[in-house]
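Coordinates in review
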Amino acid sequence: MILPLPVIAILLGVVEGITEFLPISSTGHLILVQRLCGFTGARAEVFAIFIQVGAVAAVVVEFRAKLVETTRGLFASTGERTLATSVAVAFVPAVVVGLLTHHWISEHLFGPVTVAAALVVGAVAILAVERWKPAPAIDRADRVGPARAAMIGLAQCVSLWPGFSRSAATILGGLLCGVERKAATEFSFFLAIPTLGSATVYDLYKQRGALIPGDLLWLVVSTAVSFVVAWASIRWLLRFVATHDLRPFAWYRIALGALVLLAMR
């Protein structure tokens, strides 16, 4: 490692917190930062997986009132039941595709060049969708409905390519389905809870042999940092998308992708 573990732990927490919910890919950034720090291998993968808990917790805390309302209204409110059903429907495609392709993706797509390519492809997708998206017909996350949720779920599968971004894929999927930008962003946050939560549990189980007791303190610190930064990132993004489109993120992705490709020459 180029840097001491405590510094790397805090740095990874900051990177995860900033990038998990912005449409710029947390996985892609973590891969690049870990390579730069010389922190790779199974131990580094455990950190990248574990700190997602902080990001998931940030969503739960930010939307705690809505989550409690949805849980209480499952059997009494059509709107709450629709939201829960829609999130469940959108969750399924990535689970199926992820389980079928997990090993192949881990073997072939977790490298700087493939991440850079995904950053650029995702940027093109953002620019294209922002240019040609249909007029919004849905202005609230709890009105997305199962049919649109299925399309958003299929779009989320693209984010299995490290560097594309789960947030970008789901928000763009929502925009293409006629969901207003802020509502699509909120739905992406709700979908993150089962998606990131299940992925974290599954990946930690797979990597359980790489857990080192001495790393526990710094895993907790990194996760706590991720939680605080992700919470701030969520609040900022909700304000941003209320008045801006996603094109600034596309230009950032293109610049970063080009920089990585040039560095790898």
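Above this note sits the structure.
To start, this report covers the structure provided alongside it.

What counts, and where the lines are drawn
For every chain, the first residue of the written sequence is number 1, and numbering continues from 1 along that sequence. Local features are withheld for residues below a pLDDT of 70 in this predicted model, meaning they are given only at 70 or higher, and side-chain atom pairs are given and counted only at 80 or more; totals for whole chains, interfaces and linings count all residues. Just so you know, side-chain values use all the structure's heavy atoms and leave hydrogens and water out. Helix and strand assignments follow DSSP, with helices taken as H or I runs no shorter than four residues and strands as E runs no shorter than two, numbered in order from the N terminus. Based on C-alpha atoms, the radius of gyration is set beside the globule rule, defined as 2.2 Å times the residue count to the power 0.38. Here's how the labels work: a residue is buried when its accessible area is under 20% of the maximum for its type, exposed when over 50%, partly exposed in between, all with a 1.4 Å probe on protein chains only. Per-residue and other accessible areas were derived by the Shrake-Rupley procedure at a 1.4 Å probe size, with only the shown protein chains allowed to occlude residues. Only four residue types enter the tally: Lys and Arg on the positive side, Asp and Glu on the negative side; His and the chain ends are excluded. Charged groups are reduced to one reference atom each: NZ for lysine, CZ for arginine, CG for aspartic acid, CD for glutamic acid. For this analysis, a nonpolar core means a set of buried residues of the types Ala, Val, Leu, Ile, Met, Phe, Trp, Tyr and Cys, connected via side-chain atoms within 4.5 Å. Between two residues, a contact is recorded if the distance between any of their heavy atoms is within 4.5 Å. Only Phe, Tyr and Trp rings are paired, with Trp represented by its six-membered ring, and only when their centres lie within 6.5 Å; those with planes under 30 degrees apart are stacked, over 60 edge-to-face, the remainder tilted. As a reminder, the over-ring test applies to NZ of lysine and CZ of arginine, requiring each to be within 6 Å of the ring centre and within 35 degrees of the ring normal. Only residues whose relative accessible area exceeds 30% and that take part in no salt bridge are eligible for patches, with like-charged residues grouped when within 9 Å of each other and nonpolar side chains (Val, Leu, Ile, Met, Phe, Trp, Tyr) grouped when within 5 Å. When a carboxyl oxygen of Asp or Glu is within 4 Å of a side-chain nitrogen of Lys or Arg, the pair counts as a salt bridge.

Concerning the overall build of the chain
Each helix and strand in the chain was counted, giving 12 helices and 0 strands. Mapped in sequence order, the helices and strands of the chain form the string α-α-α-α-α-α-α-α-α-α-α-α. For the chain, whose C-alpha radius of gyration is 18 Å, the value lies close to the compact-globule estimate of 18 Å for 265 residues. When its C-alpha atoms are laid out on the principal axes, the chain stretches across 50 × 40 × 35 Å. Counting the 265 residues in the chain, one finds 48% classified as buried. Accessible area of the chain: about 12,200 Å², with a carbon and sulfur share of 70%. Taking the 21 positively charged and 15 negatively charged side chains of the chain as two groups, their mean positions are separated by 3 Å.

Considerations on the nonpolar core
Counting 41 residues, the largest nonpolar core has Phe21, Phe187, Phe189, Ile234 and Leu246 as the members making the most contacts within it. Looking at this core, the elements that each hand over two or more residues are α4 (52–62), α6 (78–108), α7 (112–132), α8 (145–157), α9 (166–176), α10 (181–206), α11 (216–243) and α12 (247–263). Of all the elements, α10 adds the most residues to this core, at 8 residues. What Ile234 contacts, discounting residues up to four positions off in sequence, is Phe21, Ala58, Val59, Glu62, Phe63 and Phe189. If you look at the next biggest cluster of nonpolar residues, it comprises 18 residues, including Ile8, Val46, Leu204 and Ala210.

Let's talk about the packing of aromatic side chains
With the rule as written, the count across this model stands at 8 aromatic pairs. For the pair Phe39 and Phe47, a centre-to-centre distance of 5.5 Å together with 75° between the ring planes defines the contact as edge-to-face. As far as the burial class goes, Phe39 and Phe47 line up, both buried. On the basis of an interplanar angle of 40° and a centroid distance of 5.7 Å, the ring pair of Phe63 and Phe189 is categorised as tilted. Here Phe63, found in the loop between α4 and α5 (64–72), pairs with Phe189, found in helix α10; they are 126 residues apart in sequence, far enough to count as distant. With respect to burial, Phe63 and Phe189 carry one shared label: buried. Among the aromatic side chains, those forming a connected cluster through ring pairs are Phe21, Phe63, Phe189 and Phe190. Over the ring of Tyr205 we find Arg208, and its NZ or CZ is 4.1 Å from the ring centre. The aromatic ring of Phe164 is capped on one face by Arg253, whose charged end is 5.8 Å from the ring centroid.

Side note on the side chain of Thr70
On the secondary structure map, Thr70 appears in helix α5. The class for Thr70 is buried, based on a relative accessible area of 9%. Excluding residues within four positions of it along the chain, Thr70 makes contact with Glu80, Leu83 and Ala84.

Some remarks on a nonpolar patch on the surface
Together, Val92, Val95, Val96, Val97, Leu99, Leu100 and Tyr202 give the surface a local cluster of nonpolar side chains, amounting to about 590 Å² of exposed area. Looking at the nonpolar patch, the element that brings in the most residues is α6, giving 6 residues. Among the structural elements, Tyr202 can be located in helix α10. Given the relative accessible area of 31%, Tyr202 is considered partly exposed.

Note that every value here comes from positions in space, so none of it alone points to a role or purpose.
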